[in-house]
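# Descriptive analysis of the structure
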Amino acid sequence: MKNQSVKNNIDWISVIIYIILVILGWLNIYSSSLSSTEGTYEKQLIFIACTIPLIFIVLFVDGKFYEKYASIIFGVSLLSLAGLFLFGKTIAGQRCWYAIGSFTLQPSEFAKAATSLALAKYLSDTQINLKETNRQIQALAIILLPVILILPQPDPGSALIYSIFIIVLFREGLPSWYVWTGFITILLFVLTLVLEPYVVILIALAVLIVIHFKGRAVDRNILLSTILLAIISAFVFSVNYVFENVFKQHHRDRFNILLGKTVDMKGIGYNTNQSEIAIGSGGWLGKGFLEGTQTKGGFVPEQHTDYIYTTVGEEWGFVGSFIVIALFTGLLLRIIYLAERQKTKFSRVYGYCVAGILFIHFFVNIAMVVGIFPTIGVPLPFFSYGGSGLWGFTILLFIFLKMDANKVNEW
C-alpha cells in the first residue's frame, strides 16, 4: 500500500526530466569517448543501470527515516571523508576516492545529500532562531565540517558547492548582512586583482560617502564608516599576499587568464580555449551527433567529465544547448515549487538544499566551460562521467521526491 502511494504521488514531471537528462548525458559521453580505449561509455551505462535499484531503495525507505537518522547519516558521511586521509586513493594529485577493485568511489559526492539532511534536521527544530548568534554559528558549523575535510584533499570545486547553503540559511532567517558580506568580499577580491589596491580603496571610500549622505541623519555614524573603511583597506592590502602565497600556481594561472592578465592558449588556458572553439563551432543547429570535429579529434581534455557541455554545444548547437539549459531550469523551478508546498519545515529546507546544490553545479560548470569562471573541477549533474556523481545526485533528488510523495501522510 505504501509503495502504491509513492507510485501515485511521486512527482513524475521531475522524474521524467531526470530521465531525459541522464539519457542525454550518456549520449554525449558516448560521443566524446567513442575513440577512447578505456570503455568510458560502457562504464557509464553500468553506473546508470545501478541507479535503478538505488532509486527503488531510496523510495522504499520510509520518508521519516531520513529525518530521524539525519544526524547519523551526516556523521557517517564525515567519517567517510576523514577516512580518505588514511585509505584514500590519489588520482591526479587529489586524494578524493576509495578504490574498490577497478572502480573508485568519491564520498564528497554523497556528503552533499548528508549535509542537506543534517542542515534540514537542525533548522526544523522549533527552537531554532537564526537571528541568534549561537544558532548561526551552529548552522555554519554543519556546513563547514565537510568543507574542512574536503579542502585538504585538495578538492576546491567540491568545497565551493557548500557555499550555496548560505542562501538556504538566508531563506530560513539568516540576517542578510551575511550574504552581502560574502558578495562584497568576492567583489573586492576580484577588483584588487584587476586594479591597484589604492584605487579599490578610493572606490570603497566613495561608496561609503554616498551611503553616509544618502541615509537618514539619525542613521549616520562616522565612526562605523571609518571602521568599515579600515577593515576594507586591510582586506584589500592582504589580497595580493593571499593570492601569491596561499593560492597554488595553477589557481593563480586560471584567475590571471580569466581576468585577461595572462594569455596562455597552449598551457593552463588550453582547456578553456578549446572548449570555446568547440561550442562556437556548433552554430545554431550543431554539426550533428558523432560529427563534432573537436570532439572526435580529442582537442578538449576531460571532455567526458567537467567539459561534457562542449560536446552538447558542438554537436547539438545553440538549440541543443538551450534545450539542456531549459531542462535544468525546469527541474530547478519544479523542485522549488515542490519545496514551497511541503507540510514540514524539514522537507522544505531539504528541498531548497537540493535546488541549491543542483543550481550551483549547473551554473559553475557551464560558466567554467564558456570561460567566465576559472576551471575548478565541478561536474554537470546527470551529464558528466562518473558513478559517484551520478549516484550522489540521484540520491539527493530522489530523497526529496520521496518526501514530497509522502506529504499526503503528514499533518
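I will try to describe carefully the structure that is included in this document. Remember, predicted model here, so these are calculated numbers, not experimental data.

The subject of this paragraph is the overall build of the protein. When helices and strands are tallied, the protein shows 19 helices and 3 strands. Against the 2.2 N^0.38 benchmark of 22 Å for 411 residues, the protein shows a C-alpha radius of gyration of 23 Å, consistent with a compact globule. With the principal axes as the frame, the protein shows a C-alpha extent of 65 × 60 × 45 Å. With 411 residues in all, the protein has 47% of them scored as buried. Here the analysis covers contacts within the protein between residues at least 6 apart in sequence; of these, 72% occur between residues at least 24 apart. For the protein, the separation between the mean place of its 29 positive charges and that of its 24 negative charges on side chains is 7 Å.

Bringing unusual backbone geometry into the picture now. Of note, Leu290 is a non-glycine position whose phi angle comes to about 70 degrees, a positive value. Inspection of the secondary structure assignment puts Leu290 in the loop between helix H15 (270–281) and helix H16 (293–296). Its relative accessible area of 25% is what places Leu290 among the partly exposed residues. One non-glycine residue with positive phi stands out, namely Phe382, at about 70 degrees. Mapped onto the fold, Phe382 is located in the loop between helix H18 (345–369) and helix H19 (387–406).

Looking at chain direction, strand E1 (residues 89–91) and strand E2 (residues 94–100) are connected through 3 bridges and run antiparallel. Across the sheet, residue Thr90 finds its bridge partner in E2, namely Arg95. What sits between the antiparallel neighbours E1 and E2 is a turn of 2 residues, in which Ala92 has the positive phi angle 55 degrees. In this sheet, strand E3 (residues 103–105) lies alongside E2 in antiparallel orientation, the contact comprising 3 bridges. Bridge assignment links Tyr98 to a residue of E3, and that residue is Leu105. Connecting E2 to the antiparallel partner E3 that follows it, the hairpin turn spans 2 residues, and Gly101 within it adopts a positive phi of roughly 65 degrees.

Time to look at the packing of helix H2 (residues 12–32) against helix H3 (residues 40–60). One way to put it is that H2 packs onto H3 with a least axis distance of 9 Å and a crossing angle of 165 degrees. Judged by the angle between their axes, H2 and H3 are roughly antiparallel. Here H2 and H3 pass one another in a crossing that is right-handed. Listed contacts from H3 to Tyr18, Val22, Trp26, Ile29 and Tyr30 of H2 are Thr40, Tyr41, Gln44, Leu45, Ile48, Thr51 and Ile55. In the contact of H2 with H3, the residues fall into 9 nonpolar, 3 polar and no charged.

The next point concerns the sheet that holds E1. Whenever strands of a sheet pair, they do so through backbone hydrogen bonds, lying parallel or antiparallel. Reading across the sheet, the 3 strands line up as E1-E2-E3 and stay open at both edges, with antiparallel pairing between neighbours. Each edge of the sheet is formed by a strand with only one pairing partner; in this case those strands are E1 and E3. Across the sheet, the axes of successive neighbouring strands diverge by a mean angle of 55 degrees, strand direction being ignored.

This next bit is on the side chain of Thr311. Following the sequence through the fold, Thr311 ends up in helix H17 (residues 308–340). Sequence-distant contacts of Thr311, that is, excluding residues within four places in its chain, are made with Asn28, Ser31, Ser32, Thr295, Gln303 and Trp316.

With 21 residues, H3 should cover 30 Å at 1.5 Å per step; its first-to-last C-alpha distance of 31 Å lies within 8% of that length. Taken together, the buried positions of H3 are Thr40, Tyr41, Gln44, Phe47, Ile48, Thr51, Ile55, Val58 and Leu59.

All right, on to the packing of helix H11 (residues 177–194) against helix H13 (residues 222–245) then. Between H11 and H13, the shortest axis-to-axis distance is 9 Å and the interhelical angle comes to 60 degrees. Considered as vectors, H11 and H13 are oriented oblique to each other. Read as a crossing pair, H11 and H13 show a hand that is right-handed. Along the contact surface, H11 presents Thr185, Leu188, Phe189, Thr192 and Leu193, while H13 presents Ile232, Phe235, Val236, Val239, Asn240 and Phe243. Looking at the contact of H11 with H13 residue by residue, the classes come out as 8 nonpolar, 3 polar and no charged.

With that settled, the discussion passes to a nonpolar patch on the surface. Together, Ile186, Val190, Val194, Leu195, Ile203, Val207 and Ile211 make up an exposed nonpolar region whose accessible area comes to about 570 Å². Looking at the nonpolar patch, the elements that each hand over two or more residues are H11 and helix H12 (197–214). When you line up the elements, Ile211 lands in helix H12. Here Ile211 falls in the exposed class, since its relative accessible area comes to 55%.

Quick look at the nonpolar core now. A general feature of soluble globular proteins is that nonpolar side chains tend to end up buried together. One finds Leu119, Leu169, Tyr350, Leu358, Phe382 and Phe398 to be the most contacted residues of the largest nonpolar core, which totals 89 residues. When residues in this core are grouped by element, the largest group, 14 residues, is from H18. Ignoring sequence-local partners within four residues, the contact set of Leu358 consists of Leu331, Leu332, Ile335, Pro381, Phe382, Phe393 and Leu396.

This part takes up the environment of Gly157. Mapped onto the fold, Gly157 is located in helix H9 (residues 156–161). Each C-alpha atom of the pair Gly157 and Thr311 lies 21 Å from the other, and the pair is 154 residues apart in sequence.

One pass over the structure, following the stated rule, counts 9 salt bridges. Residues Arg334 and Asp11 are paired through a salt bridge, measuring 2.5 Å at the closest nitrogen-oxygen approach. Taken together, the positions of Arg334 in helix H17 and Asp11 in the loop between helix H1 (2–9) and H2 put the pair 323 residues apart, joining distant regions of the chain. Looking at Asp11, the relative accessible area reads 5%, which means it is buried. A salt bridge links Arg341 to Asp404; the shortest N-O distance between them is 3.5 Å. Taken together, the residues span a long stretch of sequence, with Arg341 in the loop between H17 and H18 and Asp404 in helix H19 at a distance of 63 residues. Residues participating in the shared-partner salt-bridge network are Arg171, Glu172, Glu340 and Arg348.

Analysis parameters
Residues numbered from 1 in each chain as written. Predicted model: local features only at pLDDT ≥ 70, side-chain atom pairs only at ≥ 80, totals over all residues. Heavy atoms only, no water. Helix = DSSP H or I, 4+ residues; strand = E, 2+ residues; numbered from the N terminus. Rg over C-alpha atoms; globule rule 2.2 N^0.38 Å. Buried < 20%, exposed > 50% of the residue type's maximum accessible area, 1.4 Å probe, protein only. Contact = heavy atoms within 4.5 Å. Lys, Arg positive; Asp, Glu negative; His and termini not counted. Charge placed at Lys NZ, Arg CZ, Asp CG, Glu CD. Pairing = 2+ DSSP bridges. Axes fitted to C-alpha atoms, helices over the stretch in contact; angles between N-to-C directions. Parallel < 35°, antiparallel > 145°, perpendicular 65-115°, else oblique. Left-handed = near helix turned anticlockwise from the far one by under 90°. Nonpolar A, V, L, I, M, F, W, Y, C, P; charged D, E, K, R; others polar. Expected span 1.5 Å × (residues − 1). Patch = residues over 30% accessible without salt bridge, like charges linked within 9 Å, V, L, I, M, F, W, Y side chains within 5 Å. Areas by Shrake-Rupley, 256 points an atom, 1.4 Å probe, with all protein chains shown as cover. Salt bridge = Lys/Arg side-chain N within 4 Å of Asp/Glu carboxyl O. Core = buried A, V, L, I, M, F, W, Y, C linked by side-chain atoms within 4.5 Å.

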